[in-house]
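For reference, the chains in residue letters:
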Amino acid sequence: MTNENKTAVDLNVFDDDGVVVDGTTMELTLDQISDIIDHATQLILQHRQERPIGEILDELDSALTAASVITYRDDVSPSGI
């Protein structure tokens, strides 16, 4: 396992309805931050062009899950699409 530099990132904590209920600070690597921002950017650009976003949502879900920002839920499809 490599010893990567991490950056503290302030994040909102959401309930199941998407309402902010708390805040937390997580330590993420620059690679994790970059991956999340890249997928979020791709998602917005696709949305603006009114193109399908299901696959990109799944990729963003995977990036957020891999970074432990969110937890994996096996009872639903990541994007619901």
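Here the structure is a predicted model, which is why all the values come from computation and not from measurement. (Residues numbered from 1 in each chain as written. Predicted model: local features only at pLDDT ≥ 70, side-chain atom pairs only at ≥ 80, totals over all residues. Heavy atoms only, no water.)

Asker: Looking at this structure, I do not really get a negative patch on the surface. What am I missing?
Answerer: Taken together, Glu4, Asp31, Asp35 and Asp38 make up a surface patch of like negative charges. Locating aspartate 38 in the fold gives a position in helix H1 (residues 30-48). (Patch = residues over 30% accessible without salt bridge, like charges linked within 9 Å, V, L, I, M, F, W, Y side chains within 5 Å. Areas by Shrake-Rupley, 256 points an atom, 1.4 Å probe, with all protein chains shown as cover. Salt bridge = Lys/Arg side-chain N within 4 Å of Asp/Glu carboxyl O. Lys, Arg positive; Asp, Glu negative; His and termini not counted. Charge placed at Lys NZ, Arg CZ, Asp CG, Glu CD. Helix = DSSP H or I, 4+ residues; strand = E, 2+ residues; numbered from the N terminus.)

Asker: Looking at this structure, I do not really get the packing of H1 against helix H2 (residues 54-66). What am I missing?
Answerer: Two packed helices can be described by the angle between their axes and the distance between those axes. Between H1 and H2, whose axes approach to 9 Å, the crossing angle comes to 160°. Overall, the two elements H1 and H2 adopt an arrangement that is roughly antiparallel. Here the hand of the crossing between H1 and H2 comes out left-handed. Seen from H1, the contacting residues are Gln32, Asp35, Ile36, His39, Ala40, Gln42, Leu43 and Gln46; seen from H2, they are Ile56, Leu57, Glu59, Leu60, Ala63, Leu64 and Ala66. In terms of residue class, the contact of H1 with H2 is built from nine nonpolar, four polar and two charged. (Axes fitted to C-alpha atoms, helices over the stretch in contact; angles between N-to-C directions. Parallel < 35°, antiparallel > 145°, perpendicular 65-115°, else oblique. Left-handed = near helix turned anticlockwise from the far one by under 90°. Contact = heavy atoms within 4.5 Å. Nonpolar A, V, L, I, M, F, W, Y, C, P; charged D, E, K, R; others polar.)

Asker: Quick question: what am I supposed to make of the side chain of histidine 39 here?
Answerer: On the secondary structure map, histidine 39 appears in helix H1. The exposure class assigned to histidine 39 is buried, which follows from its relative accessible area of 14%. With residues up to four places along the chain from it excluded, the contact list for histidine 39 reads Ile56, Glu59, Leu60 and Ala63. (Buried < 20%, exposed > 50% of the residue type's maximum accessible area, 1.4 Å probe, protein only.)

Asker: I would appreciate a short explanation of the environment of asparagine 5 in the present structure.
Answerer: Mapped onto the elements, asparagine 5 comes out in the segment before strand E1 (6-14). Separated by 24 residues in sequence, asparagine 5 and threonine 29 place their C-alpha atoms 6.0 Å apart. When sequence neighbours within four positions are dropped, the list of residues in contact with asparagine 5 reads Leu28, Thr29 and Leu30.

Asker: Explain H2 here, please?
Answerer: The periodicity of an α-helix, 3.6 residues per turn, causes residues three or four positions apart to be oriented the same way. Compared with the 18 Å implied by 1.5 Å per residue over 13 residues, the 18 Å span of H2 between its first and last C-alpha is a close match. Buried residues belonging to H2 abut H1. Phi turns positive, to about 65°, at serine 68, one or two residues after H2. (Expected span 1.5 Å × (residues − 1).)

Asker: What am I meant to see in the pairing of E1 here?
Answerer: For a regular strand, the rule is simple: side chains alternate between the two faces of the sheet. Sheet topology note: the E1/strand E2 (residues 20-29) ladder contains nine bridges and is antiparallel. The residue bridging aspartate 10 from the neighbouring strand is threonine 25, located in E2. Hairpin connection of E1 to E2: five residues between the antiparallel strands, including glycine 18 at a positive phi of 85°. (Pairing = 2+ DSSP bridges.)

Asker: Mind showing me how you'd approach the confidence of the model for the protein chain here?
Answerer: Low-pLDDT stretches of the model should not have their predicted coordinates read in fine detail. In this model, the protein chain carries an average pLDDT of 88, and 85% of its residues clear a pLDDT of 70 or more. Per-element confidence in the protein chain ranges from a low mean pLDDT of 94 for E1 to a high of 97 for H1. (pLDDT = per-residue confidence, 0-100.)

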